[in-house]
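# Structural overview for review
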Amino acid sequence: PSSNTSRRAVFQKDYAAALAGAGLVFLRRTPDPQKAPDGDRLDIDRLSADLASKARAFDDGPALGQALKDGAREGDVIVVMSNGGFDGLTDFLRNNL
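What comes next is a walk through the structure. (Residues numbered from 1 in each chain as written. Predicted model: local features only at pLDDT ≥ 70, side-chain atom pairs only at ≥ 80, totals over all residues. Heavy atoms only, no water.)

## Focus: the overall build of the chain
- Within the chain, the secondary structure is distributed over four helices and two strands.
- For the chain, the α and β elements follow one another from N to C terminus as α-β-α-β-α-α.
- Against the compact-globule benchmark of 13 Å for 97 residues, the chain has a radius of gyration of 13 Å, which places it among compact chains.
- Across its three principal axes, the chain shows a C-alpha extent of roughly 40 × 25 × 15 Å.
- Considering only contacts in the chain between residues 6 or more positions apart, those separated by 24 or more positions represent 71%.
- Separation of charge centres in the chain, based on 13 positive and 14 negative side chains, amounts to 1 Å. (Helix = DSSP H or I, 4+ residues; strand = E, 2+ residues; numbered from the N terminus. Rg over C-alpha atoms; globule rule 2.2 N^0.38 Å. Contact = heavy atoms within 4.5 Å. Lys, Arg positive; Asp, Glu negative; His and termini not counted. Charge placed at Lys NZ, Arg CZ, Asp CG, Glu CD.)

## A closer look at the pattern of salt bridges
- Overall, the coordinates contain five salt bridges when judged by the stated rule.
- Among the ionic pairs, D59 bridges to R29, the shortest N-O distance being 2.8 Å. Taken together, the residues D59 in the loop between strand 2 (55-58) and helix 3 (61-71) and R29 in the loop between strand 1 (25-28) and helix 2 (44-50) connect sequence positions 30 residues apart. (Salt bridge = Lys/Arg side-chain N within 4 Å of Asp/Glu carboxyl O.)

## Structural notes on the layout of surface pockets
- Approximately 970 Å³ is the volume attributed to the largest pocket.
- The wall of the largest pocket is formed by 35 residues, among which F26, L27, V79, V80 and M81 lie closest to the centre.
- Taken together, the elements giving at least two residues each to the lining of the largest pocket come down to helix 1 (12-19), strand 1, helix 2 and helix 3.
- Counted by class, the lining of the largest pocket contains 24 nonpolar, seven polar and four charged residues. (1 Å grid on protein atoms, 1.4 Å probe; cavity = no way out; pocket = protein on both sides within 12 Å on 5 of 7 lines; lining within 4 Å. Points joined across faces, edges and corners; volume = space filled by probe spheres on them. Nonpolar A, V, L, I, M, F, W, Y, C, P; charged D, E, K, R; others polar.)

## Let's talk about the nonpolar core
- Ranked by size, the top nonpolar core spans nine residues in total: A16, L19, V25, L27, L42, I44, L47, L51 and A55.
- For this core, the secondary structure elements donating two or more residues are helix 1, strand 1 and helix 2.
- By size, the runner-up hydrophobic cluster in this structure holds eight residues, among which are F26, L64, L89 and L93. (Core = buried A, V, L, I, M, F, W, Y, C linked by side-chain atoms within 4.5 Å. Buried < 20%, exposed > 50% of the residue type's maximum accessible area, 1.4 Å probe, protein only.)

## Thoughts on the environment of L64
- With respect to the element layout, L64 can be found in helix 3.
- Taking relative accessible area as the criterion, L64 reaches 3% and is therefore assigned buried.
- Between the C-alpha atom of L64 and that of L27, which follows or precedes it by 37 residues, the distance is 7.7 Å.
- What L64 contacts, discounting residues up to four positions off in sequence, is F26, L27, R28, F58, F86 and L89.

## Looking at the packing of helix 3 against helix 4 (residues 89-96)
- Where helix 3 meets helix 4, the axes come as close as 9 Å, and the angle between the chain directions of the two elements is 25°. The angle between helix 3 and helix 4 places the two elements in the roughly parallel class. Handedness of the helix 3/helix 4 crossing: right-handed. Each of G61, L64, G65, Q66, L68 and K69 in helix 3 lies in contact with helix 4, whose residues at this interface are L89, F92, L93 and N96.
- Its residues assigned to classes, the contact of helix 3 with helix 4 shows five nonpolar, four polar and one charged. (Axes fitted to C-alpha atoms, helices over the stretch in contact; angles between N-to-C directions. Parallel < 35°, antiparallel > 145°, perpendicular 65-115°, else oblique. Left-handed = near helix turned anticlockwise from the far one by under 90°.)

The values are spatial; any link to function lies outside them.
This is the structure:
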């Protein structure tokens, strides 16, 4: 979440509800969280906890990509949702999966 609206806590419960049906969720912690007012920031670690054991949070795209590469199996469906380059994640996946 790097846009001004997606990094806000207003979507905290909505993200949890939207991702609840996924088998596994990898989340990138918000870059520059200080761009949202304190007390109004999306909490990726809380979102990960809300999704229980099916979620993992990462500090950056390369670490997330490596975890996907290490864990992906034939037939898995991987969905990347980002409004930016995601630290080159899509190129990494394209070249490594």
